[in-house]
Amino acid sequence: MRALFPGSFDPVTQGHLDVLRRAALLFDEVVVCVMFNPDKTGRLPVTERLDRLRAAAADLGNVTVDSHTGGLLVDYCGRAGIDVVIRGVRGVRDLDHEMPMARMNHELAGVETFFVAADPALAHISSTLVTAMSRHDLVPKDGSGQLLPAGGGGGEGS
């Protein structure tokens with residue numbers, strides 16, 4: 001079974017990588033996909049996000065990396081033959097945000113959503129937080145810290 005792990009990944013974090021690794025154990029193939037979110041201002045170019053995801057997932061043989069920056073998530077799923085979407089949730093706030101989208105994806109295209117609870121040790125990490133911290137040089141550029149995967153770099157254009 002194929003699954004889609006969508007997100008803005010701006011930048012990819014250890015939390016993203018944790019969800020991706022766990023999903024890769026459960027599904028035959030996981031497509032991690034950079035999506036366009038109209039509610040977020042993109043900080044890193046899509047090509048850089050894709051490169052960072054490929055580097056972070058290099059040791060996961062059943063993971064592929066792609067992007068879809070125009071159209072709905074269900075459009076991508078239909079075109080790629082994917083029936084399951086993976087979403088990491090850090091807490092109730094994330095779940096409250098994700099549930100209406102999960103319901104709509106199911107109504108529109110029969111796409112199921114598989115929620116993966118964040119590792120409590122990583123639940124405080126978000127791309128927005130990492131970017132804010134990197135602006136104050138609090139995130140190692142080489143990814144040696146606990147927020148980003150190795151080679152993940154800091155925030156904007158690093």
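As the structure is a prediction and not an experimental result, all values here were calculated from the model.

Considerations on the side chain of aspartate 94
Consideration 1: As for its placement among the helices and strands, aspartate 94 is situated in helix α4 (residues 92-109).
Consideration 2: Residue classification places aspartate 94 among the buried positions, given a relative accessible area of 18%.
Consideration 3: Here arginine 90 takes part through its backbone nitrogen, which lies 2.8 Å from a polar atom of the side chain of aspartate 94.
Consideration 4: With residues up to four places along the chain from it excluded, the contact list for aspartate 94 reads Gly88 and Val89.

As for helix α2 (residues 46-56)
Consideration 1: Regarding α2, the residues found buried are Glu48, Arg49, Leu50, Arg52, Leu53 and Ala56.
Consideration 2: As for α2, its buried residues are in contact with α1 (14-26), β2 (29-35) and β3 (63-68).

Some remarks on the confidence of the model for the chain
Consideration 1: For the chain, the mean per-residue pLDDT works out to 83, and 76% of the residues sit at or above 70.
Consideration 2: Under a pLDDT of 50 for its full length, residues 152-158 has, in the predicted model, 27 contacts with residues more than four places off or in other chains.

Side note on the environment of valine 65
Consideration 1: On the secondary structure map, valine 65 appears in strand β3.
Consideration 2: Among the residues examined, valine 65 registers a relative accessible area of 17% and is labelled buried.

Quick notes on the nonpolar core
Consideration 1: With 23 residues, the main nonpolar core has Phe5, Leu20, Val30, Val32, Val63 and Ile86 as its most contacted residues.
Consideration 2: Among the elements that line this core, the one with the most residues is α1, at 5 residues.
Consideration 3: In contact with isoleucine 86, not counting residues within four places along its chain, are Ala3, Leu4, Phe5, Pro6, Val19, Ala23, Phe27, Val30, Phe114 and Val116.
Consideration 4: Counting 11 residues, the second largest nonpolar core, distinct from the first, contains Cys33, Met35, Val85 and Val111.

Describing the packing of aromatic side chains
Consideration 1: The final tally for this structure, using the stated rule, is 2 aromatic pairs.
Consideration 2: Relative to phenylalanine 114, the ring of phenylalanine 27 has its centre 5.5 Å away and its plane inclined at 90°; by these criteria the two rings are edge-to-face. Of the two residues, phenylalanine 27 is situated in the loop between α1 and β2 and phenylalanine 114 in strand β5 (residues 112-117); the sequence distance between them amounts to 87 residues.

Observations concerning the sheet that holds strand β1 (residues 2-7)
Consideration 1: Judged by pairing direction, the sheet is parallel, and its 5 strands sit side by side in the order β3-β2-β1-β4-β5 without closing on themselves. The open sheet has two edge strands, β3 and β5, and neither has a second partner. Pairwise comparison of adjacent strand axes, ignoring direction, gives a mean angle of 30° for this sheet.
Consideration 2: In the sheet, strand β4 (residues 84-89) pairs with β5 via 6 bridges, with the strands oriented parallel. Across the sheet, residue glycine 88 finds its bridge partner in β5, namely valine 116.
Consideration 3: In the packing of α4 onto the sheet, contacts are made with β4 and β5, and the angle to β5 comes to roughly 160°.

Thresholds applied
Residues numbered from 1 in each chain as written. Predicted model: local features only at pLDDT ≥ 70, side-chain atom pairs only at ≥ 80, totals over all residues. Heavy atoms only, no water. Helix = DSSP H or I, 4+ residues; strand = E, 2+ residues; numbered from the N terminus. Buried < 20%, exposed > 50% of the residue type's maximum accessible area, 1.4 Å probe, protein only. Polar contact = N/O pair within 3.5 Å; in protein donor to acceptor, adjacent residues only side chain to side chain. Contact = heavy atoms within 4.5 Å. pLDDT = per-residue confidence, 0-100. Core = buried A, V, L, I, M, F, W, Y, C linked by side-chain atoms within 4.5 Å. Phe/Tyr/Trp six-rings, centres within 6.5 Å; stacked < 30°, edge-to-face > 60°. Pairing = 2+ DSSP bridges. Axes fitted to C-alpha atoms, helices over the stretch in contact; angles between N-to-C directions.

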